[in-house]
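The lines below spell out each chain.
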Amino acid sequence: MSKYLVETYYTCTFKILHQLNELNESELSKLEKRNDGKVEIIDIRLNNRKTKTANSKNEKTKNNNEKSSIKSLDISPKINNEIEKISDNLKKTEKNTNILNKNISLRSKMPDRRKGYIQKVTIGNHKVYLHTGEYEDGKVGEIFIDTHKEGELVKALMNNFAIAVSLGLQYGVPLDEFVDAFIETKFEPSGEVNGNDRILNATSILDYIFRELAISYLGREDLAHTPSISGTGKNIIGDDEDNQFLKLVKDITSKGFIRSNYKEKLVDLSNYKISLKSNK
């Protein structure tokens, strides 16, 4: 069997730190003989690799040359240790980047036909329309923000902000993160909110939007200004969450629109008769 030798050439840039009591030519000339310096690796680059057949004699001579070169440099063991540490760190970072790339590539796109709701409010004489889009399981996946009596610059910024939030939701960013980041942001328009039964005032448009999303999709009652009003109608499905009828209701209704109160929104229609005959 023929043996092959693979030679790998690296370019290593490092610096050696020495402590001097005095700065003069004599002290500087002694630096090369000192072995108490601290070695810090700055950069390691792969130049090239060469492959060739190796003889046992050549291997012995090369090993002897390498040993002699290591003996001549007392700092080389420190450099080798630093190189090993850096190579281990590079392997770890490569694994982490591969994992991140896999996670980033997994975008759950919205279905072509989707559920959602539209909420219109007035904040300080400014009309704001919030449009939401939901996945089949009821999670919010996109938002649209329309403003009235605003300039083109504000409208463009709000539209692009909504697109950025929608992309974050579709790539797996939790809605909680957006809520914690934008709640209680302060800028005009702000003040009294008209048109929402759970939010009475807001410090900005973003404060209102993420309060509404948190209440509707996360059940954050601590961010609401009024208590939740439960329905008083008779429940037709009982207390079983796994009821088939309840699953059907969840599939065809918007979670954000009814704020997850599926049972309270259902009405007993057993005493009503519906005529499907057309009047001629």
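Because the structure is predicted, anything quoted here is derived from the model rather than measured.

Of the residues making up helix α5 (residues 175-182), those classed as buried are Leu 175, Phe 178 and Val 179. Projection of α5 onto a plane perpendicular to its axis shows the buried side chains occupying an angular sector of 100 degrees, all on one side. Against β5 (140-147), α4 (152-170) and α6 (205-218) lie the buried residues of α5. Just downstream of α5 lies Glu 184, where phi reads positive at about 70 degrees.

This part takes up the environment of Leu 28. Within the secondary structure, Leu 28 sits in helix α1 (residues 25-29). Each C-alpha atom of the pair Leu 28 and His 18 lies 10.0 Å from the other, and the pair is 10 residues apart in sequence. Excluding residues within four positions of it along the chain, Leu 28 makes contact with Leu 20 and Leu 23.

Our focus in this paragraph is the packing of α4 against α6. Two numbers describe how α4 lies on α6: the axes approach to 13 Å, and their chain directions differ by 35 degrees. The handedness of the crossing between α4 and α6 comes out as right-handed. In this structure, α4 uses Met 158, Phe 161 and Val 165 to contact α6, whose residues at the interface are Ile 205, Leu 206 and Phe 210.

Core analysis: the biggest nonpolar cluster contains 31 residues, and Ile 143, Ile 145, Tyr 208, Ile 209, Phe 210 and Leu 213 have the highest contact counts within it. Contributions of two or more residues to this core are made by β3 (118-123), β4 (126-134), β5, α4, α5 and α6. Take this core: its biggest share by element is 9 residues, from α6. Among all residues touching Ile 209, those that are not within four sequence positions of it are Leu 130 and Ile 145.

Attention now goes to the pattern of salt bridges. Tallied over the entire structure, the rule returns 6 salt bridges. The shortest N-O distance in the salt bridge between Arg 45 and Asp 43 comes to 2.8 Å. Between Arg 114 and Glu 142 there is a salt bridge, and its shortest N-O distance comes to 2.6 Å. Residue Arg 114 is located in the loop between α3 (76-105) and β3, and its partner Glu 142 is located in strand β5; the two are separated by 28 residues in the primary sequence. Take Glu 142: its relative accessible area is 11%, and that puts it in the buried class.

This part covers the pairing of β3. The alternating pattern of β3 places Gln 119, Val 121 and Ile 123 on a buried face and Ile 118, Lys 120 and Thr 122 on a face that is not buried. The pairing of β3 with β4 spans 6 bridges and is classified as antiparallel. The residue of β4 that forms the bridge with Lys 120 is Tyr 129. Count of turn residues in the β3/β4 antiparallel hairpin: 2 residues, of which Gly 124 carries a positive phi of about 60 degrees. Bridge count between β3 and strand β6 (residues 191-194): 2 bridges; the pairing is antiparallel. For Thr 122, the partnering residue across the bridge sits in β6 and is Asn 194.

Bringing the sheet that holds β3 into the picture now. Strands belonging to one sheet form pairs held by backbone hydrogen bonds; the direction of such a pair is parallel or antiparallel. Taken in spatial order, the 5 strands of this open sheet run β5-β4-β3-β6-β7, and their pairing is antiparallel. Of all strands in the sheet, those bounded by a partner on one side alone are β5 and β7 (201-202). Helix-sheet contacts for α6 involve β3, β4, β5, β6 and β7, and the interaxial angle to β4 is about 35 degrees.

Right, let's talk about the packing of aromatic side chains for a bit. The geometry of an aromatic ring pair is captured by two quantities: the separation of the ring centres and the angle between the planes. Across all of its chains, the model carries 5 aromatic pairs by this definition. Their ring planes at 85 degrees and their centres at 6.2 Å tell us that Phe 161 and Phe 210 sit as a pair that is edge-to-face. Linking Phe 161 in helix α4 with Phe 210 in helix α6, this pair joins segments that are 49 residues apart in sequence. Ring pairs connect the aromatic residues Phe 161, Phe 178, Phe 182 and Phe 210, which therefore count as one cluster.

Looking now at α6. Taking 1.5 Å of rise per residue, 14 residues should cover 20 Å, and α6 covers 19 Å from first to last C-alpha, within 8% of that figure. Summarising burial for α6: 13 of the 14 residues are buried, a large majority. Just beyond α6, the residue with positive phi is Gly 219, at close to 70 degrees.

On to the pairing of β4, then. Bridge count between β4 and β5: 7 bridges; the pairing is antiparallel. Bridge assignment links Val 128 to a residue of β5, and that residue is Thr 147. Counted between consecutive antiparallel strands, the loop separating β4 from β5 contains 5 residues, among which Gly 138 sits at a positive phi close to 95 degrees.

Criteria and cut-off values
- Residues numbered from 1 in each chain as written.
- Predicted model: local features only at pLDDT ≥ 70, side-chain atom pairs only at ≥ 80, totals over all residues.
- Heavy atoms only, no water.
- Buried < 20%, exposed > 50% of the residue type's maximum accessible area, 1.4 Å probe, protein only.
- Helix = DSSP H or I, 4+ residues; strand = E, 2+ residues; numbered from the N terminus.
- Arc of directions from axis to C-beta.
- Contact = heavy atoms within 4.5 Å.
- Axes fitted to C-alpha atoms, helices over the stretch in contact; angles between N-to-C directions.
- Left-handed = near helix turned anticlockwise from the far one by under 90°.
- Core = buried A, V, L, I, M, F, W, Y, C linked by side-chain atoms within 4.5 Å.
- Salt bridge = Lys/Arg side-chain N within 4 Å of Asp/Glu carboxyl O.
- Pairing = 2+ DSSP bridges.
- Phe/Tyr/Trp six-rings, centres within 6.5 Å; stacked < 30°, edge-to-face > 60°.
- Expected span 1.5 Å × (residues − 1).

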